[in-house]
Structures are given as structure tokens and as C-alpha cells.
Amino acid sequence: MAANIENFDFDPEKLRQKYREERDKRLRSDGNDQYKEVKGDFSYFVEDPYVEEKTERESLKLHTEIAIIGGGFGGMLAAARIREAGFDDFKIIEKGGDFGGTWYWNRYPGASCDIESYIYFPLLEETGFVPKRKYTNAPETLEYCGVIAEKFKLYENSILQTEVTETKWSDDSGLWTIKTNKGDEITANFVVHSNGPLNRPKLPAIDGINDYKGHTFHTSRWDYEYTGGSSHGDLKNLSDKRVAIIGTGATAVQCIPHLGASAKELFVFQRTPSSIDVRANKETDEDWFASMKSGWHEKRRANFEGFLAGEFSGEDLVNDGWTEIFRTILSAFRASGPSKLRMASWVLLAPFNKDFYKKGLKPYMADKFMNFVGKENISNKVEMVDFAKMEQIRARAEEIVKDSNVAESLKPYYRQFCKRPCFHDEYLDTYNRENVTLVDTQGKGLDKITEKGIFFDGKEYEVDCIIFATGFEVGTDYTRRSGYEIYGRKGLSIMDKWKDGLSTMHGMHSRGFPNSFFFGPQQAGFTANYTHSLDEQSIHLAYILKSMREKNMSLVEASKEGEENWVKTIIDNSRDMLSFQESCTPGYYNNEGKPMQAPQNNPYGGGALNFFKLMKKWREKGDLKGLELSSNNYN
Ligand code: NDP
């Protein structure tokens, strides 16, 4: 449902003030240090509860042409795309017991994806898979990972249940050596680092966290042996249990309805409420799906990206909560009076008019429109649209939740993209259950954990189980998040190389780390439809490897100039998000209230779609500009 911005009924200044107050309650000096690294005494939180049989095996000593670290969508796509390009000598090293990455670990009840499945699932035209619903869930996503693995014969190339502990380059041999927790020593000509941006679970450093004597686990290692049930819910064993969950982010929003339905009593400890919009999932119309013409998948993904980039892309194919906000912004300009409306509608209608594209008028019109409306006016309008949208979200909480105090606690007071927007149709209603208590910590978090449960505001909540829905490390350094160090030329570590800010070419290469490819949003295209970005990076990787093979080259590295130019491009194009992020309530989107200062740590500021286009153009030119290639490994 689009937010109504024409007849809004709010006082923008009052809302600004309220947003500031709510943010100030949550600001804290320790930022990211409020979280504990999950290791040592806490390492039981990251053990694999899903693996059916732990593999005991001899250490491996082997050589492979390409080592891919990580068997999530990134690693699988890298493997699929290089297989398509004619490379078969590769190994995928994955710490989990199977492919899936995020989806291997996050099997909590209700786990699902709120990016439309028809764009989130990569390689849909290649596999012919038909997702059952508009929004998929964890079991179907894991099933699909299996489909990709079978289709591209990835099991033949996999080393599962194996965690990489170090990768090291040797100038003497011109090879990487990869060490693992199984004592393996694997040499490789090329290494692809695809270790996921949300890989390391984090725990709040709450007093007494290790004193608790009851049962406890993190949502990314759900203990079904304890709770019973499955990703679909029905957690039978909780029917006589008092359960506490800490956190109300995107993960908690999905599992709380199942916990509420199954537990004898559920206590939800909230620091900041999420924004909960309508989800409206629906079954796939198979006839519609079958009627799609070749190339539909790419077109649909690009269409979604276009909306997220705020481009005027015509028909909204995905048409969901993500794209809605941008449609609403456009419609805001409709209300700006006849002359602006005329201008706006030219721009709005242009994409529906094929001739408009043919004449190449679109960019010209868009520029003219921007000049006419004025930049300041635009940011003001965007803020109004945001207020209106969030008013609608808050009204939804009031409408669904019967107890008005609880409803008030569930209202998010911040701009929509300060935190990840959530979409759920049962979450809010869960608070109408008698057995569910929302403990609103007013932005503070709990006071401490005791032997028996949780202590907050003078009261001890005795519980049988505490579930941490406290998310993943994001703002910590690359090495800590990936779990292994990377040593390049002359023993330089990637941690040292990037200590004052990221330095890459296209986000993928970093000078001093030859034949090494980095996947992820760093200095590259960032989008909510993350698999799209991984697919584009995989296509790019396959292109470079194939070009090298054709040119008979064995070594690739960013040139000094290539890397400097790219860092400059990132800085020059970085969106000035600092004031927006500073005004946001803390969370991982703004580095826990301490926004990153170094502009080169941003993704490509022109948006993901433009980044993909830029990379495509670069490939089409064929000169591999910015990279140094050689056929000699000993330089
Ligand atoms: P988040 O980091 O988003 O949420 C962590 C939660 O823990 C927040 O509510 C946080 O509160 C709370 N918290 C942290 N410390 C304390 C404390 N001391 N006391 C009380 N509460 C505390 O992690 P999630 O796992 O929820 O989500 C991570 C990301 O995974 C999402 O943003 C999304 O990108 C992805 N995801 C996507 C899904 C989808 O497609 N629908 C589903 C699930 C996850 P506060 O907000 O105050 O910091």
C-alpha cells in the first residue's frame, strides 16, 4: 500500500524532534565494542548443529587451479560461472556441512527471504526451477542451493566441513597456500574470497552472559533438538518452557511468531523496534512463470535495481515494499502543483513511451526535471515521503496490537532506511497473545544476565532458554569477519593493507595480493538483492580468468594506477550519507551510531545497476585496463 503523502497529518518538526530523542537514547560510546567476538568461552555458540555426520579425515595436501573460499551463493555462483567458462580444476572450501552459506546457517523457524524469489534466486533460467511463492523460505532456498550444486556438479569440487584459517602468497612459487582447521595445505594459482558479509554471529557483551545455567543459542545455530519442530515452526518441545529472545531485528521478526505460538511463555527483550510492513506473499502462478520469454530474469533484476537506484524505470515488475518507496517519491511530485506535475508526469510517463527512449530524451528530461524542482526541494520531499511511510508503519502497529502501550513500544521512530525494513503479516499480532510479553528496554538493552535468566529494571525474568537474535558482525575489520588472515606479497596482511581504508580495483582486486579475487559489497555494487551482485561478480571473475587463459597469462594484479583511480572513483562518487547516517538510530547500517568516516569504505555511489553497467563496459572493451597481467609467476 502506498503511503499517502498528499493529505498527510503530521508535524514534520515534531517528528524530527522525536527521531532525535529516540536516537539519543540509544547512542553509546562503545559502538561496535558493545559486542563480543564469538570465540574462546563462547565458541559453542558457533558450532554446527546441522551436520549429520562430522567428517574425520586425513589432512589434504593438494593443488588446484582455483580455490573458492565459501560455499554460499557467492562461492556457488563463482563456481558455476567459471565452470560455464571452461574451468574444471577448482575447489570450493566451505566450513558448513553443505552448500548454502547464510541459508545453511540460518534455519531458524520462519526463516525466509523478503526479496522476491524470482529475482533473489540466481540462475533461474539456467536451472528451470520454479519457486513456489513470491517470497521463498529457508527450506526452499536450501533446496535450490542443492539444485545449483547438482546442475553445475559442484559436489565433485567441494571440500566441506572445513574452515580456512590462513591464505598466504609466495612470490617464489607464484602460488597461494591455504591452511585449514583440518591441517590441510592446499596450493592454488587463484583464490576467490567469498566469505559473506553477515558471516560471524555476534553476542552483546552483557554482564553475566556466561553465568546463565539454562539453555542458550544464537538464531544462526538454531537448536531444534531442544525446541523441536523445523524451519516451518511447530516447536513442540517449548510447550512447557519459558523462553526469552534478545533482539528484534529482521531475524527475530521472523522467528518470534513461531516462538509465540509454541512456547509456554515468551519474553521479547527489545532495544529498538523494527519497521514492519505488509508482506502479502502469494503462490506462484505457474502459467505466468512459464510464459516468461528468454532473458526475463535479467530484465526483472535490472528493473528492481532501477527502482532502488531512484531511476524512472517505467513499469514496476516486482512491485513490492522495496520498490514502493521510490514510486511514492515520484508521486510526491505529482502533488506539487500543475507546472511541476506536468514536468513530473513527463518524466513519469516517459518510460512508458517507447519513442521517448528511442529519441534518447530520458536523461535530458531527468536533468531538466531535477534542475526545475531543485535539489533541496527534492531532499525535503523525500523526507516528507519517508515521514508519511513511517507514519503508516506506526499506524499499522496501532491497528493490529490491542494493548495501546505495547503498540506504542512497537512503533519505530527513525527514517525508513536507518534500519533494514521488515515485512511480516503475523509478527505484530503475536503481541496479542496472552503468553507473549514485550519487555521494552527503552533503547537501553538488558541490565544483566543471571544464573536463572534476565535482569532488567529491577526485575528478574527466570527463563529456561535464552535465544540471541543479536545479528552478525558488520563493522569489524575484514580479517575478523572472514575468520582468516590473507598474506600477500612480502607478507603484507590484508588487515594492514586496509587499516586506513579500503583500497581495491573494482572491489575485486587489491595490489600486493596477486591472483586474489574479493567478493562482496566493498568498493563494488551494493544492493538489497545481494545474490544479483554476487552473480555479476562471478561473471566478471569468469571473464578475467578466461581472458588470461586466452592470452596465456598466469598472473593478474591491480596496477598501482588502476587501484588509485578506482579508489578515487569511489571517493568522487560516494554519496554524502554522513549526515543521514548520523541522524539515524544506531545499528549496523551506520556502524552502531559511528558512521564510517573514510569515504573509500563505501560501495560504488552510482548505485548497483550503474556499477554492473560499468563493469560490463569494461569487459566489452577487452583491454583489462587497470590490471597488470604477466605470464611469469616469479616477479
Ligand atoms: P540485526 O543486527 O539486524 O539485529 C540485532 C538485534 O539485536 C537488534 O534488534 C538489536 O537492537 C538487538 N540487540 C543487540 N544488542 C542488544 C542488547 N544488548 N539488548 C537488547 N537487544 C540487543 O540482526 P538480524 O539477525 O536480525 O539481521 C541481520 C541481517 O540479516 C538483516 O539486516 C538482513 O540483512 C539479513 N536478514 C534478512 C532477512 C530477510 O530477508 N527477511 C531475514 C533475516 C535477516 P538495536 O536495534 O537496538 O541495535
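This is a predicted model, so every value here is computed, not measured.

**Examining unusual backbone geometry**
Argument step 1. Its identity is not glycine, yet D234 carries a phi of approximately 55°, on the positive side.
Argument step 2. Along the chain, the position of D234 falls in the loop between helix 7 (224–227) and strand 10 (242–246).
Argument step 3. One non-glycine residue, A280, adopts positive backbone phi at about 50°.
Argument step 4. Considering the arrangement of structural elements, one finds A280 in the loop between strand 12 (276–277) and helix 9 (286–290).

**Thoughts on the site of the ligand**
Argument step 1. The local shell around the ligand holds 27 residues, among which T251, R271, T272, K419 and Y588 are the closest.
Argument step 2. At 3.2 Å, a backbone N or O of G249 approaches an oxygen atom of the ligand.
Argument step 3. Computed on the free molecule, the ligand has an accessible area of 920 Å², of which 89% lies beneath the protein chains in the complex.
Argument step 4. Here the shell around the ligand takes three residues from helix 8 (residues 250–262), the largest share from any one element.

**So, the packing of helix 10 (residues 296–308) against helix 23 (residues 608–621)**
When two helices pack together, their arrangement is given by the angle between the helix axes and the distance between those axes.
Argument step 1. One way to put it is that helix 10 packs onto helix 23 with a least axis distance of 8 Å and a crossing angle of 125°. When the axis of helix 10 is compared with that of helix 23, the two are oblique. Of helix 23, the residues touching helix 10 (which contributes A302, E305 and G306) are A608, L609 and F612.
Argument step 2. Of the residues belonging to the contact of helix 10 with helix 23, the class tally is four nonpolar, one polar and one charged.

**Here's the deal with the pairing of strand 5 (residues 164–170)**
Argument step 1. Where strand 5 meets strand 6 (residues 175–180), six bridges bridge the pair, whose relative direction is antiparallel. Within strand 6, the residue paired with K168 across the bridge is T177.
Argument step 2. Hairpin connection from strand 5 to strand 6: four residues lie between these consecutive antiparallel strands, with G174 at a positive phi of about 70°.
Argument step 3. Direction of pairing for strand 5 relative to strand 19 (residues 485–487): parallel, over a ladder of three bridges. Within the sheet, the bridge partner assigned to T167 lies in strand 19 and is I486.

**Describing the packing of aromatic side chains**
Argument step 1. In total, this model carries 35 aromatic pairs according to the counting rule given.
Argument step 2. The interplanar angle of 70° and the centroid separation of 5.3 Å between the aromatic rings of F289 and W296 together place this pair among those described as edge-to-face.
Argument step 3. Among the residues examined, W296 registers a relative accessible area of 11% and is labelled buried.
Argument step 4. Through a chain of ring-to-ring contacts, the aromatic side chains of F73, W103, Y120, F121, F129 and Y144 assemble into a single cluster.
Argument step 5. The residue whose ring lies beneath R107 is Y50, and the NZ or CZ to ring-centre distance is 4.1 Å.
Argument step 6. Here the guanidinium or amino end of K448 rests over the ring plane of F455, the centre of that ring lying 5.4 Å away.

**Let's talk about the state of the cysteines**
Argument step 1. Counted by the stated rule, this structure contains one disulfide.
Argument step 2. There is a disulfide in this structure between C418 and C584, and the S-S distance comes to 1.9 Å. Between C418 and C584, the S-S torsion sits near -75°, and that sign places the bridge as left-handed. Taken as a pair, C418 in the loop between helix 16 (404–409) and strand 13 (422–423) and C584 in the loop between helix 22 (578–582) and helix 23 lie far apart in primary sequence, 166 residues in all.

The rules we used
Residues numbered from 1 in each chain as written. Predicted model: local features only at pLDDT ≥ 70, side-chain atom pairs only at ≥ 80, totals over all residues. Heavy atoms only, no water. Helix = DSSP H or I, 4+ residues; strand = E, 2+ residues; numbered from the N terminus. Near = heavy atom within 4 Å. Polar contact = N/O pair within 3.5 Å; in protein donor to acceptor, adjacent residues only side chain to side chain. Areas by Shrake-Rupley, 256 points an atom, 1.4 Å probe, with all protein chains shown as cover. Axes fitted to C-alpha atoms, helices over the stretch in contact; angles between N-to-C directions. Parallel < 35°, antiparallel > 145°, perpendicular 65-115°, else oblique. Contact = heavy atoms within 4.5 Å. Nonpolar A, V, L, I, M, F, W, Y, C, P; charged D, E, K, R; others polar. Pairing = 2+ DSSP bridges. Phe/Tyr/Trp six-rings, centres within 6.5 Å; stacked < 30°, edge-to-face > 60°. Buried < 20%, exposed > 50% of the residue type's maximum accessible area, 1.4 Å probe, protein only. Lys NZ or Arg CZ within 6 Å of the ring centre and 35° of its normal. Disulfide = S-S within 2.5 Å.

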